[in-house]
Amino acid sequence: MTTGIKNTLMEILDGSPKHTASRYVEWIITFVVLVNCSAVILDSVPEIHAEFKDFFHELEFWSVMFFTVEYIARVWSLGAKYSRDNGGSWKGRFEYMFSPFGLVDFFATMPHYLHMFFPTLDLRILRVLRLLRILKLSKYNTALQDLFHAIHSERQAFGSAVFLLTIATIVSASLMHFAEGHHQPEFFGTIPHSIYWSIVTITSGYGNVEPLTKAGEAIALITGFLGVCMAAIMTGIVASAFSNQVARKKAAFEAQLREVFKDGNMSDEEKETLQRLQAHYRLSDEQVEAMMLRAKNKSSAQE
Amino acid sequence: MTRAMTTEASTPTSLQRIKRRTFEIMEGEVPDKYSQFVEIFIALLVVANVIGIILESVPEIHEAFMAEFHAFDMFSVAVFSIEFVLRVWSYSEKYIHNGGSAWDGRKEYVFSFYGIIDFVSTVPFYLQLIFPGADLRVLRMFRLMRIFKLSRYNSAFEDMVAAVKAEKDSFSSAVFLLFISCLLFSSLIYIIEGHEQPEVFPSIPAAMHWFVITIVSGWGNVDPVTFLGSLLVILTQILSIALAAILTGVVATAYTAQVERRQALYEMEVRNVLSDGVVTAEEQTQLKVMQAKLGMSDEQVEAIKHQMEEEKQIAEANKQAK
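Scoring rules and cut-offs
Residues numbered from 1 in each chain as written. Chains lettered and ligands numbered in written order. Predicted model: local features only at pLDDT ≥ 70, side-chain atom pairs only at ≥ 80, totals over all residues. Heavy atoms only, no water. Helix = DSSP H or I, 4+ residues; strand = E, 2+ residues; numbered from the N terminus. Buried < 20%, exposed > 50% of the residue type's maximum accessible area, 1.4 Å probe, protein only. Contact = heavy atoms within 4.5 Å. Areas by Shrake-Rupley, 256 points an atom, 1.4 Å probe, with all protein chains shown as cover. Expected span 1.5 Å × (residues − 1). Arc of directions from axis to C-beta. Core = buried A, V, L, I, M, F, W, Y, C linked by side-chain atoms within 4.5 Å. pLDDT = per-residue confidence, 0-100. Axes fitted to C-alpha atoms, helices over the stretch in contact; angles between N-to-C directions. Parallel < 35°, antiparallel > 145°, perpendicular 65-115°, else oblique. Nonpolar A, V, L, I, M, F, W, Y, C, P; charged D, E, K, R; others polar. Buried area = accessible area lost by both parts, 1.4 Å probe. Salt bridge = Lys/Arg side-chain N within 4 Å of Asp/Glu carboxyl O. Polar contact = N/O pair within 3.5 Å; in protein donor to acceptor, adjacent residues only side chain to side chain. Patch = residues over 30% accessible without salt bridge, like charges linked within 9 Å, V, L, I, M, F, W, Y side chains within 5 Å. Lys, Arg positive; Asp, Glu negative; His and termini not counted. Charge placed at Lys NZ, Arg CZ, Asp CG, Glu CD.

Observations concerning the overall build of chain A
Reasoning step 1: A tally of helices and strands in chain A yields 14 helices and 0 strands.
Reasoning step 2: Counting every position in chain A, which comprises 303 residues, the buried fraction comes to 41%.
Reasoning step 3: Put simply, 62% of the contacts in chain A that link residues at least 6 apart link residues at least 24 apart.
Reasoning step 4: Split by element, the accessible area of chain A, about 17,500 Å² in all, is 65% carbon and sulfur.

Written out as structure tokens, the structure reads:
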């Protein structure tokens, strides 16, 4: 009996499409998170804070209650993820508790209780942790995970771009230190100081400090130009990462299609699998139809 | 000129035919010289209108040519009104051959993007005649909407919308990323630097303003005072490059995917045509129209045809081997 409830609760909280309730749960959590973040932002405006202090306090209390219930429900229900022979109920629970989402859920909620026991704690840290609640939303954004996946698959290219950026920053910062260190010691007196200047120049193309010497001017120009190159390199890498991901998805789908057409006909079950895959890979209907025609033609040509 | 076209055939029994012809000319469905003429005329008028609105906002020019501008506006409103009425009247033909009622096509047009644009960019002029007290600046803004009439003749705008729509997940995730980082970074800078620079970061909304400027331009006009603040500023600036790169990447992918989608569409059409083994003249024009609609180059079409033929040969060779 409890296992049944546990299982259903797990599926609902996990956002499985089997239950309509899972969508409502998603909406409610999203709503509470958004209200919370707006409250933290508004609370920082002194005038609003003076007027609605009690309301914000009340809101915070009830949100913490809500998130605590959510956290406990998740931990409890995830006990049903693995059967007894497969690691027992605590395997699924620990898996969740130490996953990025679990940690976010924990740190977005629990510090409030800490504050209850230790009232002298720095309030600013508490406020930062409250804002972590916005990260709870990323659980529901699969495209975001796609994006990180695309970037992850191109991590080598990104690594080399970051390496280039580091070298460019350090070289231009040290050159600037030698060229301008005596003239503007407050900005270029140490290399870490000029590193700040060179990152600002590379990213925005506009330095916060005007160089005074001819050599400094030349270095500033080259640094600004390097910034444009860096932006181009980064853009190129991300664009190719995206199109590679699309190509990979299409290849996977096509392989599946060929598998389906191997025996010549398409059963309902196979059709369903393909539809699920299509939704998962976010392919358009036209693309799929064209691929299907191609696969059909190929299989008929082989006969 | 459009009116002259419709009065050409005068017998009332051929009203249906006139309507059909007007629809074809207005919609540009069958590319002939009349519809092209209408297209160019309206496009030129729109461009002249927009230039007029821009010039009119310069006080000296406005005073010198007040009467001319007014006459020109009257003329444009007359032409656009005739265009709108003709479109509403003739679009009843759109679905009549597919079994739809006369009002299906009209309703679709009136509530479509272009229908609303045609209406909104013309009708306020009449409103002004009825209620002379209306604010002229609002009226001018509505007049500027005429520029959207041009996008009917150019698929660039539609292409963009379609590309964005197809990649809406990636776009939304990029926006989401921006949203999350905006919240986190502006709160962090408020917490770290709020005490040191209360005039720049008095509240989180003020810090959000700083964040948006930094993301857009790469430099938020504020130098951090604390070490943690410097780190945060540097991180924000790097994030600004990354976000620009992600958005560019998404757009680039969206466009590439769209080209592929079109090729797939065209390929399907060619396969359909070739499926019975013969290509009739009608099918040939159909393919031509489709090629023009999808904006595909002759080389692309040639490549697709070549691929089809190769496939056919392989299939035949296999048959003979059997």
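What follows picks up the thread again.
A short note on helix α1 (residues 2-13) of chain A
All names here are of chain A.
Reasoning step 1: End to end, α1 covers 16 Å across 12 residues, agreeing with the expected 16 Å (1.5 Å per residue, within 8%).
Reasoning step 2: Looking at α1, one finds that the buried residues are Lys6, Met10, Ile12 and Leu13. The buried residues of α1 occupy an angular sector of 165° when the element is viewed end-on, so they sit on one face.
Reasoning step 3: Directly beyond the C-terminal end of α1, a positive phi value near 75° is found at Gly15.

Structural notes on the nonpolar core
Reasoning step 1: Ranked by size, the top nonpolar core spans 49 residues in total, and within it Ile134 of chain A together with Ile189, Trp210 and Ile246 of chain B carry the most contacts.
Reasoning step 2: For this core, the elements supplying multiple residues, two or more each, are α2 (21-43), α9 (155-180), α11 (191-204) and α12 (214-261) of chain A together with α11 (168-193), α12 (204-217) and α13 (227-274) of chain B.
Reasoning step 3: Residue contributions to this core peak at 13 residues, all from α11 of chain B.
Reasoning step 4: Excluding anything up to four places from it in sequence, Ile134 of chain A contacts Val33 and Cys37 of chain A together with Phe179, Ile180, Leu183 and Leu184 of chain B.
Reasoning step 5: One finds Val38, Leu45, Val50 and Phe84 of chain B within the second-largest nonpolar core, a separate group that totals 15 residues.

Quick word on the confidence of the model for chain B
Residues and elements named next belong to chain B.
Reasoning step 1: Mean pLDDT over chain B: 79, with 92% of residues reaching 70 or higher.
Reasoning step 2: Predicted confidence in chain B is weakest over helix α1 (residues 2-7), with a mean pLDDT of 43, and strongest over helix α5 (residues 66-90), with 88.
Reasoning step 3: Counting interchain partners and residues more than four positions distant, the pLDDT-below-50 stretch residues 1-11 has 15 contacts.
Reasoning step 4: For this predicted complex, the interface score ipTM comes out at 0.72, while the overall pTM is 0.67.

Some words on the packing of α9 of chain A against α12 of chain A
Residues and elements named next belong to chain A.
Reasoning step 1: Between α9 and α12, whose axes approach to 10 Å, the crossing angle comes to 170°. Viewed along their axes, α9 and α12 adopt a mutual orientation that is roughly antiparallel. Here Ala157, Phe158, Ala161, Leu164, Leu165, Ala168, Ser172, Leu175, Met176, Ala179 and Glu180 of α9 lie close against α12, whose contacting residues are Ala215, Gly216, Ile219, Thr223, Leu226, Met230, Ile233, Met234, Ile237 and Val238.
Reasoning step 2: Among the residues making up the contact of α9 with α12, the classes are represented as 17 nonpolar, 3 polar and 1 charged.

Regarding the interface of chain B and chain A
Where interface size is given, it is often the accessible area lost as the parts come together that is meant.
Reasoning step 1: Counting from both sides, the interface comprises 51 residues of chain B and, opposite them, 49 residues of chain A.
Reasoning step 2: Summing both sides of the interface, chain B and chain A together bury roughly 4,400 Å²; the carbon and sulfur share of this comes to 74%.
Reasoning step 3: Run the count over chain B and chain A and you get 0 salt bridges.
Reasoning step 4: In this assembly, chain B and chain A are joined by 2 residue pairs in polar contact (both at pLDDT 80 or more).
Reasoning step 5: The element contributing the most residues to the side of chain B that touches chain A is α13 of chain B, with 20 residues.

A look at the environment of His183 of chain A
Reasoning step 1: Counting through the fold element by element, His183 of chain A comes out in the loop between α9 and α10 (185-188).
Reasoning step 2: Through-space distance from the C-alpha of His183 of chain A to that of Leu212 of chain A is 7.3 Å; in sequence the pair is 29 residues apart.

Observations concerning the environment of Leu177 of chain B
Residue and element names in this part refer to chain B.
Reasoning step 1: As for its placement among the helices and strands, Leu177 is situated in helix α11.
Reasoning step 2: What makes Leu177 buried here is its relative accessible area of 18%.
Reasoning step 3: The spatial distance from the C-alpha of Leu177 to the C-alpha of Leu243 is 8.4 Å, given a sequence separation of 66 residues.

Topic: α11 of chain B
Reasoning step 1: Taking 1.5 Å per residue as the helical rise, α11 of chain B with its 26 residues ought to reach 38 Å, and the 36 Å between its terminal C-alpha atoms agrees with that figure.
Reasoning step 2: Most of α11 of chain B is tucked away: 19 of the 26 residues are buried.

What to know about the pattern of salt bridges
Reasoning step 1: Taken as a whole, this structure holds 13 salt bridges over all chains when the rule is applied.
Reasoning step 2: In this structure, Glu60 of chain A and Arg133 of chain A form a salt bridge, with 3.2 Å as the shortest nitrogen-oxygen distance. Taken together, the residues span a long stretch of sequence, with Glu60 of chain A in helix α3 (residues 46-77) and Arg133 of chain A in the loop between α7 (123-131) and α8 (142-153) at a distance of 73 residues.
Reasoning step 3: Taking the relative accessible area as the measure of exposure, Arg133 of chain A reaches 1% and is therefore buried.
Reasoning step 4: Among the ionic pairs, Glu56 of chain B bridges to Arg143 of chain B, the shortest N-O distance being 3.0 Å. Taken as a pair, Glu56 of chain B in helix α3 (residues 33-56) and Arg143 of chain B in helix α9 (residues 136-144) lie far apart in primary sequence, 87 residues in all. The pair Glu56 of chain B / Arg143 of chain B is uniform in exposure class, with both members buried.

What to know about a negative patch on the surface
Residue and element names in this part refer to chain B.
Reasoning step 1: On the surface, Asp298, Glu299, Glu302, Glu309 and Glu310 cluster together into a patch of negative charge.
Reasoning step 2: Summarising the element assignment, Glu299 is placed in helix α15 (residues 298-321).
Reasoning step 3: A residue is classified by how much of its surface remains accessible, and Glu299, at 58% relative accessible area, is exposed.

A word on the side chain of Ser121 of chain B
Residue and element names in this part refer to chain B.
Reasoning step 1: Here Ser121 lies in the loop between α7 (113-120) and α8 (123-130).
Reasoning step 2: There is a polar contact of 2.8 Å between the side chain of Ser121 and the backbone oxygen of Ile117.
Reasoning step 3: Among all residues touching Ser121, those that are not within four sequence positions of it are Phe142, Met145, Arg146 and Lys149.

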